Amino acid sequence: MDITAKPVLVKRTRSRFQLGLSARRAAWGYIFMLPTLLILLTFRIIPMIQAARLSFTNYDLFSAPTFTGLDNYIDLAKDPVFHQSLKASVLYVTGSVVPVWIISLLLAMLILRVRWFRGVFRALIFLPVIMSQVVVAILWRFLYFQDGAVNTILGYFGVPSVRWLTTPTTALISIIIIGIWRAAPYFMVIFTAGLQAIPEEYYEAGKIDGTNALSEFRYLTLPLLKPTSLLVMVMSVTVALKVFAVPQLLTNGGPAGATEVVPLQIYKTAFEFFKMGRASAMSILLFAIMMIFSIVQIRLFSEAGE
Amino acid sequence: MKMRYSQTLRSTRNGITSVVAYTLLVLAAALAVLPIVWMVLSSFKQLEDMFVVPLRWLPHPWYFGAYPEAWAQRDFTRYFLNSAFVSICITVGNVFLCSLAGYAFAKFRFFGRQFFFLVVLSTLMLPLEVTMVPLFLTVKQFNWQNTYWGMIVPFIADAFGVFLMRQYIMGIPDELMEAARIDGMSEFGIFTRIVFPLSRPAAIALSIFTFREAWDMYIWPLVIITKEDLRPLTVGLALFMSNYGTIWNQLLAVATIAMLPLTILFFCLQRYFIRGIVLSGLKG
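Q: What's the story with the overall build of chain B in this structure? I'm lost.
A: The number of helices and strands found in chain B is 14 helices and 0 strands. The secondary structure elements of chain B, listed N-terminal to C-terminal, are α-α-α-α-α-α-α-α-α-α-α-α-α-α. Dimensions of chain B, computed from C-alpha atoms along their principal axes, come out at roughly 80 × 75 × 35 Å. Every one of the 284 residues in chain B was classed for burial, and the buried ones make up 44%.

Structural data, given as structure tokens:
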């Protein structure tokens, strides 16, 4: 009413100042945006450019960096320790991400299916997400301990006690289990939102056509959920590629490098061996891997949909 | 007739599926919660009761000594307060700056707006794990190693927050701001007294999301903080674990205290936690 009439009035009476006014408004836009832009430039974008630059040097934190061309990358390509680290990351990602997709989607569908205690279930299942990574590491180290709860419970079923964190394969599996434990509830929440966004009419139509639960899932839910699934895939791979605290605190990358994922090796290279140039090259490669994963997933997914 | 037949069929099917659904959900909830309950209960056990077979859930006897004993080893109060201070500063700064920038991108027309917005969004793809080495060098140039500044300032703005606040503020009608302008309110006043209060739901979700990540911050303080009295709880806890790794009841006692703030916050503001996660899905 009144409110909508006012701007029109202003435009008419102050038309002479219109330019000055809009320029002043624009200036406020810049002022409001500026702090954020400066912080992101200083602490995100410029460091990224610097990482690219440092990756061509042998900077060691103590003497001035000298340009060494592609040496860091060539070294990494030949270095078995780095290969092992890539292998650990790839195994961790593939091992954790697929179960996370399946479990989180299943949980989301279950949560939406039940009528009672929906909120209670969601809250309880969500709890691992709010635990900080260090607490999660301590908690699971306690569970995986030689005489810990996991072995005791397995013992009830006659399984001999497992040395979880001290053999290469079991150490990796242990860390993957923790990753699933913490990531599945997170993506359950995102899948729940995605499922709720599917209009009820689609299912009504499906019911009239007499579809069963399985084909309903295959031909209705999955295609309609595609945007959410894509998002979960990209996010979960990125999250898994960034894992650091849990392997650092549980095994510190061991045994024999089995759990030395790329971020952990970057950390060690930079802050234990002070090879900043080499660590930067590894960071750039990690970034490239993240990008490739995301692009491939988006590609595969849009092709599969056609 | 046919209709009714299919209906009964469906309701029996639903009956069976809901039994299965409840069973699976109870199982999932148990897997999520029981490890945490086990940790909390074990923090009240005596060291020699830690690994008794068969498993005994409740401490016998209840032993509350692990808490003061852990506190006697390290100044966990200090670590806790450091974490609280840093997390609160990051949260307040992040919500304030992101709302301000979100408001600029949502409601102002200025040259290069789209470009700057893309610049902001591009940082979504630059995780700390990728930029930590040069970020460390940057912060070192500022002489911010071993300062609160170094832990706080790099994180008081982020692309996700800007995106989130912009989306929300776009939904606020322009007329409200125009009316305030005519009443002679300053541009900053319009932000603090009209735009910000109206975007409260988004701001709360963003604060909780930010606080959770700030409280969880580990790799960054590990890199730039070496002074004992500046350490956040995460780093203090990690060091405690590497030095006292088998004094389990003390370790679990500190871990229990460390998870307390977020757990309390979660049970009070669950809705906003969930919303923050859902919205984090929008950024992809």
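Now that the structure is up, let's keep going.
Q: Mind showing me how you'd approach the overall build of chain A here?
A: Along the backbone of chain A there are 14 helices and 0 strands. The helix and strand sequence of chain A, counted from the amino end, reads α-α-α-α-α-α-α-α-α-α-α-α-α-α. For a compact globule of 306 residues, the expected C-alpha radius of gyration is about 19 Å, and chain A comes in at 26 Å, more than 25% above that figure. In terms of its C-alpha atoms, chain A occupies a principal-axis envelope of roughly 85 × 70 × 40 Å. For chain A, the proportion of its 306 residues judged to be buried stands at 41%.

Q: Can you walk me through the domain arrangement of chain A in this structure?
A: Many descriptions give the size of an interface as the accessible area lost when the pieces come together. Domain parsing of chain A yields domain 1 (2-54) and domain 2 (73-304). Relative placement of domain 1 of chain A and domain 2 of chain A: their C-alpha centres are 40 Å apart.

Q: Looking at this structure, how should I read the interface of chain A and chain B?
A: With 72 residues of chain A in contact, the opposing surface of chain B contributes 75 residues. Per-element accounting of the side of chain A that touches chain B gives the leading share, 21 residues, to helix α2 (residues 18-54) of chain A. Partitioned by chemical class, the residues of the side of chain A that touches chain B number 55 nonpolar, 11 polar and 6 charged.

Q: Help me understand the environment of Ile219 of chain B, please; the structure alone is not making it clear to me.
A: Mapped onto the elements, Ile219 of chain B comes out in helix α11 (residues 219-224). In this structure the C-alpha to C-alpha distance between Ile219 of chain B and Thr234 of chain B, which are 15 residues apart in sequence, comes to 9.3 Å. Not counting chain neighbours up to four residues away, the residues in contact with Ile219 of chain B comprise Phe244, Ala245 and Tyr267 of chain A together with Leu128 and Met132 of chain B.

Q: Got a minute to help me understand the nonpolar core in this structure?
A: Among the nonpolar cores identified, the biggest contains 169 residues, and Ile138 of chain A together with Leu237, Val254 and Ala255 of chain B are the most heavily contacted of them. Broken down by element, the residue count for this core peaks at 15 residues, all from helix α8 (residues 168-196) of chain A. The residues that make up this core include at least three from each of domain 1 (2-54) and domain 2 (73-304) of chain A. Residue contacts for Ile138 of chain A: discarding those within four places in its chain leaves Leu237, Met241, Leu251 and Ala255 of chain B.

Q: Looking at this structure, I do not really get helix α5 (residues 118-130) of chain A. What am I missing?
A: The periodicity of an α-helix, 3.6 residues per turn, causes residues three or four positions apart to be oriented the same way. All names here are of chain A. Across its 13 residues, α5 extends 19 Å between first and last C-alpha, which sits within 8% of the 18 Å expected from 1.5 Å per residue. Along α5, the helix axis deviates most sharply at Leu124, where the bend reaches about 25°; the proline Pro128 sits within four residues downstream. The complete set of buried residues in α5 reads Phe121, Arg122, Leu124, Ile125, Phe126, Leu127, Pro128, Val129 and Ile130.

Q: Hey, could you run me through the packing of α5 of chain A against α8 of chain A in this one?
A: When two helices pack together, their arrangement is given by the angle between the helix axes and by the axis-to-axis distance. Residues and elements named next belong to chain A. Two elements in contact, α5 and α8, have axes whose closest approach is 7 Å; the angle formed by their N-to-C orientations is 120°. Classed by the angle they form, the pair α5 and α8 counts as oblique. The interaxial crossing formed by α5 with α8 has left-handed handedness. Packed against α5, whose contacting residues are Ile125, Phe126, Pro128 and Val129, the element α8 presents Trp181, Arg182, Pro185, Tyr186, Met188 and Val189 at the interface. For the contact of α5 with α8, the per-class residue count stands at 9 nonpolar, no polar and 1 charged.

Q: I tried to follow unusual backbone geometry on my own but got confused; where do I start?
A: The phi angle of most residues is negative, glycine excepted, and most peptide bonds adopt the trans form. A cis amide bond, omega 0°, links His60 of chain B with the succeeding residue Pro61 of chain B. With respect to the element layout, Pro61 of chain B can be found in the loop between α1 (2-42) and α2 (66-73). The backbone phi angle of Ala256 of chain A is positive, close to 55°, even though this residue is not glycine. By the element assignment, Ala256 of chain A lies in the loop between α12 (245-250) and α13 (262-271). With a phi angle near 60°, Asn143 of chain B is a residue other than glycine that sits in the positive phi range.

Q: I would appreciate a short explanation of the confidence of the model for chain B in the present structure.
A: Interpretation of this model should avoid reading the predicted coordinates in detail wherever pLDDT is low. All names here are of chain B. Per-residue confidence for chain B averages 88 on the pLDDT scale, and 94% of its residues sit at or above 70. Note on residues 1-10: pLDDT under 50 across the span, and 0 contacts to partners over four residues away in sequence or across chains. With pTM at 0.87, the complex prediction returns an ipTM value of 0.88.

Q: It is not clear to me how the packing of helix α7 (residues 159-170) of chain B against helix α10 (residues 200-215) of chain B should be interpreted in this structure. Could you clarify?
A: All names here are of chain B. The interhelical angle for the contact between α7 and α10, taken along N-to-C directions, is 165°, at an axis separation of 10 Å. With respect to α10, the axis of α7 lies roughly antiparallel. Viewed along their axes, α7 and α10 form a crossing whose handedness is right-handed. Touching Gly161, Leu164, Met165 and Tyr168 of α7 are Ala202, Leu206 and Thr210, all from α10. Its residues placed into classes, the contact of α7 with α10 shows 5 nonpolar, 2 polar and no charged.

Q: Help me understand the environment of Phe155 of chain B in this model?
A: Residue and element names in this part refer to chain B. For Phe155, the location among the structural elements is in the loop between α6 (148-152) and α7. Here Phe155 falls in the buried class, since 22 other C-beta atoms lie within 10 Å of it. Sequence separation between Phe155 and Cys89 is 66 residues; the distance between their C-alpha atoms is 9.6 Å. Aside from chain neighbours lying at most four places away, what touches Phe155 is Ile90, Asn94 and Ala214.

Cut-off values and rules
Residues numbered from 1 in each chain as written. Chains lettered and ligands numbered in written order. Predicted model: local features only at pLDDT ≥ 70, side-chain atom pairs only at ≥ 80, totals over all residues. Helix = DSSP H or I, 4+ residues; strand = E, 2+ residues; numbered from the N terminus. Buried ≥ 20, exposed ≤ 12 C-beta atoms within 10 Å, placed from the backbone. Rg over C-alpha atoms; globule rule 2.2 N^0.38 Å. Domains from an automatic or database assignment. Contact = placed C-beta atoms within 7 Å. Nonpolar A, V, L, I, M, F, W, Y, C, P; charged D, E, K, R; others polar. Core = buried A, V, L, I, M, F, W, Y, C linked by C-beta atoms within 7 Å. Expected span 1.5 Å × (residues − 1). Bend = angle between axes of the 7 residues up to and from the residue. Axes fitted to C-alpha atoms, helices over the stretch in contact; angles between N-to-C directions. Parallel < 35°, antiparallel > 145°, perpendicular 65-115°, else oblique. Left-handed = near helix turned anticlockwise from the far one by under 90°. pLDDT = per-residue confidence, 0-100.

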